[in-house]
Amino acid sequence: MAQTGVITFKGNPMTLAGEALKVGAPAPDFQLHYADGGIQTLTLADLKGKPSIISVVPSLDTPTCAIQTKKFNEELAALGDKINAVTVSRDLPFAQARFCGAEDIKMRTASDYQTHAFGNDYGLTIEELKLLTRAVFVLNADGEIAHKEIVAEVTEEPDYATALAALRMLL
C-alpha cells in the first residue's frame with residue numbers, strides 16, 4: 001500500500017509507503033534503537049503510562065530537522081517526566097547521541113535505521129528517498145493516537161502549537 005498526494009519534497013510530489021494512521025486508533029508497536037552505553041531498544045510499551053509526543057524527522061543533520069528537535073526540546077522541558085518525548089529519524093543512534101550532546105537536547109532520540117518498520121507501519125517512509133517524512137504524533141497514555149500531523153512540504157516545520165496543545169490536553 002502506498003500514499004500519493006500527501007507530501008512534497010522541495011515541491012516535488014513524493015510517495016509514502018504504508019497506510020495512513022487515524023486519530024483515535026491504537027499506535028502500531030515499534031522497535032527503535034538509541035545509543036546509551038551501547039545500542040538500546042525503545043518500544044511502544046516503553047511509552048505507555050504517560051502521554052507521548054513522537055517528533056519524526058528525515059535527518060537531524062539538516063537545518064529544519066535540527067530546528068524542529070530543538071524547538072520541541074525547549075517547549076517540552078517544563079513538562080519534565082509527566083510525558084515521554086522522542087524524536088525519530090533514520091540517523092544512526094550514535095549520530096543522534098552526538099547531535100543531542102552538541103545541542104544540549106534532553107529529549108530522547110531513537111532510530112528506525114535497522115528494519116525501517118516504524119516508517120512503514122506509521123506510513124512515513126518516503127519511497128523515493130528511503131527517509132522518514134516530517135511528522136508529529138501525540139499518543140495518550142494507552143498508546144492511542146490523539147493527534148497526528150504529516151507535514152505537507154517536507155522542508156517546512158510542523159505546527160508546534162497544535163501538537164503541544166494536543167499533548168497538554170492529555171495531562
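Provided above is the structure to which this section pertains.
## Some remarks on the overall build of the protein
Reasoning step 1: Secondary structure assignment for the protein yields five helices and 11 strands.
Reasoning step 2: The C-alpha radius of gyration computed for the protein amounts to 15 Å, which stays within 12% of the reference 16 Å derived for 171 residues, consistent with globular compactness.
Reasoning step 3: Structurally, the protein occupies a C-alpha span of about 40 × 35 × 25 Å along its principal axes.
Reasoning step 4: Within the protein, the proportion of its 171 residues that are buried is 50%.
Reasoning step 5: Taking the intrachain contacts of the protein between residues at least 6 apart in sequence as the baseline, contacts between residues at least 24 apart amount to 62%.
Reasoning step 6: Carbon and sulfur atoms form 51% of the exposed surface of the protein, whose accessible area is close to 8,000 Å².
Reasoning step 7: Distance between charge centroids for the protein: 2 Å, based on 15 positive and 22 negative side chains.

## Some details on the packing of aromatic side chains
Both the distance between ring centres and the angle between the ring planes are used here to describe each pair of aromatic rings.
Reasoning step 1: According to the stated counting rule, one finds five aromatic pairs in the structure shown.
Reasoning step 2: Their ring planes at 70° and their centres at 5.1 Å tell us that phenylalanine 72 and tyrosine 160 sit as a pair that is edge-to-face. Note that phenylalanine 72 is positioned in helix H2 (residues 63–76) and tyrosine 160 in helix H5 (residues 160–168), a separation of 88 residues in sequence. The burial state of phenylalanine 72 is the same as that of tyrosine 160; both residues are buried.
Reasoning step 3: Pairwise contacts between aromatic rings join Phe30, Phe118, Tyr122 and Phe137 into one cluster.
Reasoning step 4: Note that lysine 71 overlies the ring of tyrosine 160, its terminal NZ or CZ placed 5.7 Å from the centroid.
Reasoning step 5: Sitting over the face of the ring of tyrosine 34, arginine 108 holds its NZ or CZ atom 4.1 Å from the ring centroid.

## As for the sheet that holds strand E8 (residues 125–126)
Reasoning step 1: Taken in spatial order, the four strands line up as E1-E2-E8-E9 in an open sheet, and their pairing is antiparallel. Each having just a single partner strand, strand E1 (2–9) and strand E9 (131–132) make up the two edges of the open sheet.
Reasoning step 2: Relative to E8, strand E2 (residues 12–17) runs antiparallel, the two sharing two bridges. Within E8, the position partnered with alanine 17 by the bridge is threonine 125.

## With respect to the state of the cysteines
Two cysteines form a disulfide when their sulfur atoms are joined by a covalent bond.
Reasoning step 1: Counted according to the given criterion, the structure contains zero disulfides.
Reasoning step 2: Looking at cysteine 65, it has no disulfide partner, and the nearest cysteine sulfur is the one in cysteine 100, 13 Å off.
Reasoning step 3: For cysteine 65, a relative accessible area of 0% translates into the label buried.
Reasoning step 4: Cysteine 100 gets classed as buried once you look at its relative accessible area, which sits at 10%.

## Regarding unusual backbone geometry
Reasoning step 1: Even without glycine at this site, lysine 10 takes up a positive phi of about 55°.
Reasoning step 2: Looking at the secondary structure, you find lysine 10 in the loop between E1 and E2.
Reasoning step 3: With a phi angle near 65°, histidine 116 is a residue other than glycine that sits in the positive phi range.

## Remarks on the pattern of salt bridges
Reasoning step 1: All chains considered together, the criterion is met by four salt bridges.
Reasoning step 2: The salt bridge partner of arginine 90 is aspartate 112, with a shortest N-O separation of 3.0 Å. Taken together, the positions of arginine 90 in the loop between strand E6 (84–89) and helix H3 (93–103) and aspartate 112 in the loop between strand E7 (108–111) and helix H4 (117–121) put the pair 22 residues apart, joining distant regions of the chain.
Reasoning step 3: Taking the relative accessible area as the measure of exposure, arginine 90 reaches 10% and is therefore buried.

## Quick notes on H2
Reasoning step 1: Over its 14 residues, H2 runs 20 Å from end to end, which matches the ideal 20 Å to within 8%, given 1.5 Å per residue.
Reasoning step 2: Taken together, the buried residues of H2 touch strand E5 (52–56), E6, H3, strand E10 (135–139) and H5.

Reading the values: rules and limits
- As a convention, each chain's residues are numbered from 1 in the sequence order in which they are written.
- Only residues with pLDDT of 70 or above have their local features reported here, since the model is predicted, and side-chain atom pairs are shown and tallied only from 80 upward, although totals for entire chains, interfaces and linings are computed over all residues.
- Only heavy atoms go into the side-chain values, all of them from the structure, while hydrogens and water stay out.
- The way it works is that DSSP assigns letters per residue, a run of H or I at least four long becomes a helix, a run of E at least two long becomes a strand, and they are numbered from the N terminus.
- Here the globule rule is a power law, 2.2 Å times the number of residues to the power 0.38, and the radius of gyration is based on C-alpha atoms.
- Any residue under 20% of the maximum accessible area for its type is buried, any over 50% is exposed, and the rest in between are partly exposed; the area is computed with a 1.4 Å probe on protein chains only.
- Residue contacts are counted whenever heavy atoms from the two residues lie within 4.5 Å of one another.
- Method for areas: the Shrake-Rupley scheme with a 1.4 Å probe, in which residue coverage is limited to the protein chains shown.
- Think of it this way: Lys and Arg go in the positive column, Asp and Glu in the negative one, and His and the chain ends go nowhere.
- Where a charge lies is defined by one atom per residue type: Lys uses NZ, Arg uses CZ, Asp uses CG and Glu uses CD.
- Note on ring pairs: Phe, Tyr and Trp rings are taken, using the six-membered ring of Trp, and paired if centres are within 6.5 Å. Classes follow the plane angle, with under 30 degrees stacked, over 60 edge-to-face and the rest tilted.
- A positively charged side chain is recorded as over a ring if its NZ (Lys) or CZ (Arg) lies within 6 Å of the ring centre. The angle to the ring normal must also be within 35 degrees.
- Pairing between two strands is assigned when DSSP locates at least 2 bridges connecting them.
- In this description, a disulfide is simply a cysteine sulfur pair whose atoms lie within 2.5 Å.
- Basic side-chain nitrogens of Lys or Arg form a salt bridge, by our definition, when they fall within 4 Å of a carboxyl oxygen of Asp or Glu.
- The span expected for a helix works out to 1.5 Å for each residue beyond the first.

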